[in-house]
There are 8 protein chains.
Amino acid sequence: MAQVAIVVGSASDLGRVEEARHTLQELGVGCEVMVLSAHRTPERVRQFALGAKERGIKVIIAAAGLAAHLPGVIAAYTTLPVIGLPLARSSLGGLDSLLSIVQMPPGVPVGCVSIDGARNAALYAASILSLADERVAAALEEYRRRLSQGNP
Amino acid sequence: MAQVAIVVGSASDLGRVEEARHTLQELGVGCEVMVLSAHRTPERVRQFALGAKERGIKVIIAAAGLAAHLPGVIAAYTTLPVIGLPLARSSLGGLDSLLSIVQMPPGVPVGCVSIDGARNAALYAASILSLADERVAAALEEYRRRLSQGNP
Amino acid sequence: MAQVAIVVGSASDLGRVEEARHTLQELGVGCEVMVLSAHRTPERVRQFALGAKERGIKVIIAAAGLAAHLPGVIAAYTTLPVIGLPLARSSLGGLDSLLSIVQMPPGVPVGCVSIDGARNAALYAASILSLADERVAAALEEYRRRLSQGNP
Amino acid sequence: MAQVAIVVGSASDLGRVEEARHTLQELGVGCEVMVLSAHRTPERVRQFALGAKERGIKVIIAAAGLAAHLPGVIAAYTTLPVIGLPLARSSLGGLDSLLSIVQMPPGVPVGCVSIDGARNAALYAASILSLADERVAAALEEYRRRLSQGNP
Amino acid sequence: MAQVAIVVGSASDLGRVEEARHTLQELGVGCEVMVLSAHRTPERVRQFALGAKERGIKVIIAAAGLAAHLPGVIAAYTTLPVIGLPLARSSLGGLDSLLSIVQMPPGVPVGCVSIDGARNAALYAASILSLADERVAAALEEYRRRLSQGNP
Amino acid sequence: MAQVAIVVGSASDLGRVEEARHTLQELGVGCEVMVLSAHRTPERVRQFALGAKERGIKVIIAAAGLAAHLPGVIAAYTTLPVIGLPLARSSLGGLDSLLSIVQMPPGVPVGCVSIDGARNAALYAASILSLADERVAAALEEYRRRLSQGNP
Amino acid sequence: MAQVAIVVGSASDLGRVEEARHTLQELGVGCEVMVLSAHRTPERVRQFALGAKERGIKVIIAAAGLAAHLPGVIAAYTTLPVIGLPLARSSLGGLDSLLSIVQMPPGVPVGCVSIDGARNAALYAASILSLADERVAAALEEYRRRLSQGNP
Amino acid sequence: MAQVAIVVGSASDLGRVEEARHTLQELGVGCEVMVLSAHRTPERVRQFALGAKERGIKVIIAAAGLAAHLPGVIAAYTTLPVIGLPLARSSLGGLDSLLSIVQMPPGVPVGCVSIDGARNAALYAASILSLADERVAAALEEYRRRLSQGNP
């Protein structure tokens, strides 16, 4: 069952989150990937966010470019941890999506990873899950060990 | 009756939109001011945006700082013209709110005015209304005339 | 008859506003496209701006790169709503044109859309026209409906 | 017992994380606050990071300004989730600390919150803990409920 | 008779060009100072620019903040050398006015000096005039000599 | 005889100033092009700057990328008008060379044109020369006339 | 024996420091190149930094991109001069690595060279060594002489 | 005898380098402080740089704001290690001086420390001197030891 939901603002960005899906799979964490736009499909984003916890989702990775509202909009509807993944889709190199995601006002947080940092979004989700899941914790430790040996 | 709704993300920013309210009043345009947060009160933002047209609102001015999602979130729920007003509330001088507002992805537009440009937000709303309202058009022409004489 | 005028600062940028023209056509909004430079042909810009309202133009989309003065210069000569469309033509990724357009001083507003956001410029023009034109309003609602179904 | 460790790079920044401590307390989450510098006391940072999990720490909030290496350096020594809190201590308004924290290279993630966003750092820590702690989950839901009523 | 015209976009910025006026006076260069806005009084800017050469003006210093179109708009109407002086009036520290002035498109140049660099604008005007005016050349050499002795 | 000297910081940048040379030629202004580096050949820069006026040079165009000191260093040794031409040679898109050129401290001015704006550098030089040279003035007016007809 | 250690954060960046190695070789300075990551192999970075002085290393060049902590982390463990070399590996053109390296807090300095400035990193290392090594001093003087003759 | 020369571009910035002087004194390193401007007193900068080595200077700290050419200009005349110290004197928060100093073109390096980082400039100079001076090395080690105990 999916513990992590990876939400991406546009179908054309699915390739940019593939490494997140792949990394979670590698760590044995079930995930689902879906396309939901804060601007084009706001009702579906809302339904998704309101129902995520009940469906067993533990962590949400939300990826978007430009004025990247998706992570913040999801965070507004749930208290699950939301990981924001800024995508460099504009001529500004992703500075727009980075600031749109990370500069959340007080009260509703998003944890932001690096621009186009899909792998780190997955690893951060795993680190959160690892607190209550021994298998994920072990997989993560093993991943780190391999990393330190130059085998990412 | 209010034709323009001025929405501000935080009660502490009410002072920053006062000039917008005042300018609209000066131009004889009815407006309402309300505090709605895209992050703290998403349901109320949604209800407001979905019902605005029916309530007779023609133009929405949405002001916010930091990761300023309010204008885009409102625009996602209505086809009324939304004017985004970035507020310089952070240590980045409003660059964060500017980019969060202006860089909307294709499909859902927001018209953005200058950082802390409350007066211009009001004037832009009036210029939109003036297309179908002779009185506003006349008031706007008169405003411009006075402006050109150094009496803003 | 054209209700929207799309003005572009340089003939070499005509391709960058094509999507605006196309989107307006799709929504059944008549538009004209012309090349006018605030710097190379200031008199023609002035004549255009002063006469636009009389010729039946309702909304002006002005697109320019670099020190993008075109939208502001047009706005100085008319009270019609002017939509500024920043183009990323320089090595700064359009930050120059964005700031040149959006940071208008108090008194003369421009509504700015995203960098290279030609489609949104058209949609914003349509949202303005829709206030007094049922057909445009319906076309816009239909556009949004299709958008929410993933058919932009 | 402390579940969250708040680490700050300099004693002079203790005031800037006070709101994090306070918010965690409000949510009933035990925390400890300590001053550790990635540059001045690297050995102590390393000892802290290597031993944190064993001491029962679940989430680490690391706050720093300028070239803010503290969150990344801690993350290099532990797989616990690290929340990076950029502080605006320089003439660049915190852009330096933001980029130093958020742009972590692939393999070792940090979840970054807004510049000077101490409260959000605490709320994010709580959202992580809430996955396995019903009391924190309830406190967080209650916090959100109050927030939506304008009582932050 | 005035050889240099100092034009400033807003009466509230007169103080910011005072050092330019003073420096020109010190160098024995006649100048006039006037308030003209590219946006609020476009016709007056145009009349000024079109008539400047005939009135004996040799160099124009145009100072403006925000979306600083004044220097470029003047340059569009005259082939006299225009010196752009960006003013730091916004929360962006003058980056907006700098880019609005310096990034002129090919064909119509503006020579831009530093943000709030009123003195340098005057010195640059004098260096231009000095090419055909021995007295200004001598005054400028003397100014430099004093400068090199620490007496600015 | 050369009235304008075009100095470029590196032989590899000669192509980037070719349009300046070409434009001056088109306007009938004699010019010389040379490679001089403020950092690699400081003595030659100094000799050039100290002797330029005597050799009949009226205006100096100095082009450089990165930490572009060339225009400022030349301006330090002469009171001739120096036009700075920033080149976009780095990963920062020329922001580094722009700021290095335009932000000259009080006392020694440089007139800066747009990034990679070689043509405008030439036109600005011509506008300066036109004050005392009827032929250049006429050529410049003719250039503008052609420009306004879309024949740059 | 190696007097300079060139450390690079990722094996994929080895090509980016090749010019540093080559330049040192040209100047007759022995160097070693190694891959060490502040985040993936923190223990090895620490061992390297703690032991460098004893092994005869005099200067350390540390190259990294993104959130470039490597130079600062090394500097935290040694009082040898550390030269930071920012690499432009992200969509932000290296601004992130530049600020991460250069903005070190008081107490632990890093000397930063230009983005992707591998050659300058080597030359700076040589200039440091030249203070106590006549041969390096002579080689450096010779390098400069050739440079001034256009033979880098 | 002075081993370190601290050069500052303007007398008004003397206070900003005081901490450098003080730190060097604390470490037992002789230093001299002087005001030299790359733009206002270029000949004196040249004389200083050309003669520094002979006078026994080992390291030069050059501090400047705005278009900060001083460090690069000095480095052009000497092969002594030059430490650039950017000062935040403009409305851009020192970004201009940082880029003007750090982005030196290939061939002539400057080692740049943080904006307004006077203490680090001194410590870096000491670390360079410590390679050949046991007393400085010992003083630096002692400084670090105290630093790690929270006594800067």
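Parameters and conventions
Residues numbered from 1 in each chain as written. Chains lettered and ligands numbered in written order. Predicted model: local features only at pLDDT ≥ 70, side-chain atom pairs only at ≥ 80, totals over all residues. Heavy atoms only, no water. Helix = DSSP H or I, 4+ residues; strand = E, 2+ residues; numbered from the N terminus. Rg over C-alpha atoms; globule rule 2.2 N^0.38 Å. Buried < 20%, exposed > 50% of the residue type's maximum accessible area, 1.4 Å probe, protein only. Contact = heavy atoms within 4.5 Å. Areas by Shrake-Rupley, 256 points an atom, 1.4 Å probe, with all protein chains shown as cover. Lys, Arg positive; Asp, Glu negative; His and termini not counted. Charge placed at Lys NZ, Arg CZ, Asp CG, Glu CD. 1 Å grid on protein atoms, 1.4 Å probe; cavity = no way out; pocket = protein on both sides within 12 Å on 5 of 7 lines; lining within 4 Å. Points joined across faces, edges and corners; volume = space filled by probe spheres on them. Polar contact = N/O pair within 3.5 Å; in protein donor to acceptor, adjacent residues only side chain to side chain. Least-squares fit on C-alpha atoms with pLDDT ≥ 70 in both. Salt bridge = Lys/Arg side-chain N within 4 Å of Asp/Glu carboxyl O. Buried area = accessible area lost by both parts, 1.4 Å probe. Nonpolar A, V, L, I, M, F, W, Y, C, P; charged D, E, K, R; others polar. Pairing = 2+ DSSP bridges. Axes fitted to C-alpha atoms, helices over the stretch in contact; angles between N-to-C directions. Left-handed = near helix turned anticlockwise from the far one by under 90°. Parallel < 35°, antiparallel > 145°, perpendicular 65-115°, else oblique. pLDDT = per-residue confidence, 0-100. Disulfide = S-S within 2.5 Å. Patch = residues over 30% accessible without salt bridge, like charges linked within 9 Å, V, L, I, M, F, W, Y side chains within 5 Å.

1. Some words on the overall build of chain A
When you go through chain A residue by residue, the secondary structure sums to six helices and five strands. Ordered by position in the sequence, the α and β elements of chain A form the string β-α-β-α-β-α-β-α-β-α-α. Taken over the C-alpha trace, chain A has a radius of gyration of 15 Å; the compact-globule value for 152 residues is 15 Å, and the two agree within 12%. Expressed as lengths along the three principal axes of its C-alpha atoms, the size of chain A is roughly 40 × 35 × 30 Å. With 152 residues in all, chain A has 70% of them scored as buried. Of the contacts made within chain A by residues no fewer than 6 positions apart, 67% connect residues no fewer than 24 positions apart. When the accessible surface of chain A is totalled, it reaches about 4,700 Å², and 50% of it is carbon and sulfur. Side-chain charges of chain A comprise 14 positive and 13 negative groups, with the mean position of each set lying 2 Å from the other.

2. Concerning the layout of surface pockets
Considered as a void within the structure, the largest pocket measures approximately 1,000 Å³ in volume. Looking at the largest pocket, it is lined by 36 residues, and the ones nearest its centre are Leu 95 of chain A, Leu 95 of chain B, Leu 95 of chain C, Leu 95 of chain D together with Leu 95 of chain G. Elements that contribute at least two residues to the lining of the largest pocket include exactly helix H4 (95–102) of chain B, helix H4 (95–102) of chain D, helix H4 (95–102) of chain F together with helix H4 (95–102) of chain G.

3. Let's talk about the side chain of Arg 46 of chain A
Within the fold, Arg 46 of chain A resides in helix H2 (residues 42–52). Among the polar contacts listed, one links the side chain of Arg 46 of chain A to the side chain of Glu 43 of chain B, at a separation of 3.0 Å. Residue contacts for Arg 46 of chain A: discarding those within four places in its chain leaves Tyr 77 of chain A together with Glu 43, Arg 46 and Tyr 77 of chain B.

4. What about the relation of the copies chain D and chain A?
Overlaying chain D on chain A yields an RMSD of 0.0 Å, the required transformation being a rotation through 180° with an accompanying axial translation of 0.0 Å. Here the symmetry operator amounts to a two-fold rotation axis. Interface overlap between copies: 100% of the residues of chain D at the interface are likewise at the interface in chain A, consistent with a symmetric, same-surface contact.

5. What to know about the relation of the copies chain G and chain F
Mapping between the two copies of the chain is achieved by a rotation about an axis and a shift along the axis. Once turned by 90° and shifted 0.0 Å along the axis, chain G lies on chain F with an RMSD of 0.0 Å. Within this description, the copies of the chain are treated as partners about a four-fold rotation axis. When the interface residues of chain G are mapped onto chain F, a mere 14% of them again fall at the interface, so the copies present different faces.

6. Focus: the pattern of salt bridges
Opposite charge on two side chains permits them to pair, given that their charged atoms come into close proximity. In the structure shown here, the tally under the stated rule is 88 salt bridges over all chains. The closest approach of N and O atoms between Glu 32 of chain B and Arg 55 of chain B, which form a salt bridge, is 2.7 Å. Placement of the pair is Glu 32 of chain B in strand S2 (residues 31–35) and Arg 55 of chain B in the loop between helix H2 (42–52) and strand S3 (59–65), with a sequence separation of 23 residues. For Asp 116 of chain C, the salt bridge goes to Arg 16 of chain C, with nearest N and O atoms at 3.4 Å. Note that Asp 116 of chain C is positioned in the loop between strand S5 (111–112) and helix H5 (118–129) and Arg 16 of chain C in helix H1 (residues 14–26), a separation of 100 residues in sequence. Residue classification places Asp 116 of chain C among the partly exposed residues on the basis of a relative accessible area of 35%.

7. Regarding the interface of chain G and chain F
Each partner contributes residues to the interface: chain G has seven residues there, and chain F has five residues. Note on chain G versus chain F: buried area summed over both sides is about 480 Å², and carbon and sulfur give 64% of it. For chain G, the biggest contributors to the area lost against chain F are Gly 93, Leu 147 and Ser 148 of chain G; these three give 63% of the whole. Where chain G touches chain F, the interface holds zero salt bridges. Here chain G and chain F share two residue pairs in polar contact (both at pLDDT 80 or more) between them. Of the residues belonging to the side of chain G that touches chain F, the class tally is five nonpolar, two polar and no charged.

8. Remarks on helix H4 (residues 95–102) of chain A
H4 of chain A sits mainly inside the fold: seven of its eight residues count as buried. Listing the buried residues of H4 of chain A in full gives Asp 96, Ser 97, Leu 98, Leu 99, Ser 100, Ile 101 and Val 102 of chain A.

9. Notes on the pairing of S3 of chain B
Residues and elements named next belong to chain B. Counting buried positions along S3 gives seven out of seven residues, so the element sits mostly inside the fold. Alternating positions in S3 separate into two faces, Val 59, Ile 61, Ala 63 and Gly 65 on one and Ile 60, Ala 62 and Ala 64 on the other, with burial throughout. When strand S1 (residues 4–8) meets S3, the two strands line up parallel, connected through five bridges. Along S3, the bridge assignment pairs Ile 6 with Ile 61. Here six bridges tie S3 to strand S4 (residues 82–87), and the two strands are oriented parallel to one another. From the neighbouring strand, Ala 64 faces S4, where its bridge partner is Pro 86.

10. Section: unusual backbone geometry
Notably, Leu 66 of chain A is not glycine yet its phi reads approximately 55°, a positive angle. Structurally, Leu 66 of chain A can be placed in the loop between strand S3 (59–65) and helix H3 (70–77). Phi at Asp 116 of chain C takes a positive value of approximately 60°, unusual for a residue other than glycine.

11. Let's talk about the packing of helix H1 (residues 14–26) of chain G against helix H5 (residues 118–129) of chain G
All names here are of chain G. One way to put it is that H1 packs onto H5 with a least axis distance of 7 Å and a crossing angle of 35°. Crossing geometry of H1 relative to H5 is assigned as right-handed. In contact with Arg 16, Val 17, Glu 19, Ala 20, Thr 23 and Leu 24 of H1, H5 contributes Ala 118, Arg 119, Ala 122, Leu 123 and Ala 125. Residue composition of the contact of H1 with H5, grouped by class: seven nonpolar, one polar and three charged.

12. Observations concerning the interface of chain D and chain A
Taken together, the 42 residues of chain D in the interface contact 42 residues of chain A. In this assembly, chain D packs against chain A so that about 3,200 Å² is buried in total across both faces, 60% of it on carbon and sulfur atoms. Where chain D packs against chain A, one counts two salt bridges. Salt-bridge contacts for Glu 141 of chain D lead to Lys 53 of chain A; the nearest nitrogen and oxygen are separated by 2.8 Å. The tally of links between chain D and chain A comes to 23 residue pairs in polar contact (both at pLDDT 80 or more). Classifying every residue of the side of chain D that touches chain A gives 28 nonpolar, nine polar and five charged.

13. Topic: the environment of Val 35 of chain D
Structurally, Val 35 of chain D is set in strand S2 (residues 31–35). As a C-alpha pair, Val 35 of chain D and Ala 62 of chain D span 27 residues in sequence and 9.8 Å in three-dimensional space.

14. Focus: the packing of H2 of chain A against H3 of chain A
Residue and element names in this part refer to chain A. Interaxial distance between H2 and H3 falls to 8 Å at its minimum, and their mutual angle equals 50°. It follows from the interaxial angle that H2 and H3 lie oblique. The element H2 and its partner H3 pack so that their crossing is right-handed. For the pair H2 and H3, contact is made by Val 45, Arg 46, Phe 48, Ala 49 and Leu 50 and by Leu 70, Val 73, Ile 74 and Tyr 77, respectively. Across the contact of H2 with H3, the residue classes tally to eight nonpolar, no polar and one charged.

15. Focus on the pairing of strand S4 (residues 82–87) of chain A
Residue and element names in this part refer to chain A. Across the six residues that make up S4, a large majority, six, are buried. Burial along S4 is two-sided: Val 82, Gly 84 and Pro 86 facing one way and Ile 83, Leu 85 and Leu 87 facing the other are all buried. The pairing of S4 with strand S5 (residues 111–112) spans two bridges and is parallel. Note that in S5 the partner of Ile 83 across the bridge is Gly 111.

16. Looking at the environment of Ile 57 of chain G
Residues and elements named next belong to chain G. Considering the arrangement of structural elements, one finds Ile 57 in the loop between helix H2 (42–52) and strand S3 (59–65). Remark: the alpha-carbon pair of Ile 57 and Leu 87, spanning 30 residues in sequence, is separated by 23 Å. Apart from residues no more than four positions distant in its own chain, Ile 57 is found in contact with Ala 2, Gln 3, Val 4, Ala 5, Glu 32, Ala 52 and Leu 80.

17. Focus on the confidence of the model for chain A
In this model, chain A carries a mean pLDDT of 96, and residues with pLDDT of at least 70 account for 99%. Across the interface, the model reports ipTM at 0.97; the global pTM reads 0.97.

18. Regarding the state of the cysteines
Scanning the model with the defined rule gives zero disulfides over all chains in all. Left without a disulfide partner, Cys 112 of chain D is nearest to the cysteine sulfur of Cys 112 of chain A, which lies 6.4 Å away. Of the residues examined, Cys 112 of chain D reaches a relative accessible area of 0% and is grouped as buried.

19. Remarks on a nonpolar patch on the surface
Residue and element names in this part refer to chain A. Residues Leu 14, Val 33 and Val 35 make up a contiguous nonpolar surface patch of roughly 180 Å² in combined accessible area. With respect to the element layout, Leu 14 can be found in helix H1 (residues 14–26). By relative accessible area, Leu 14 is classed as partly exposed at 34%.

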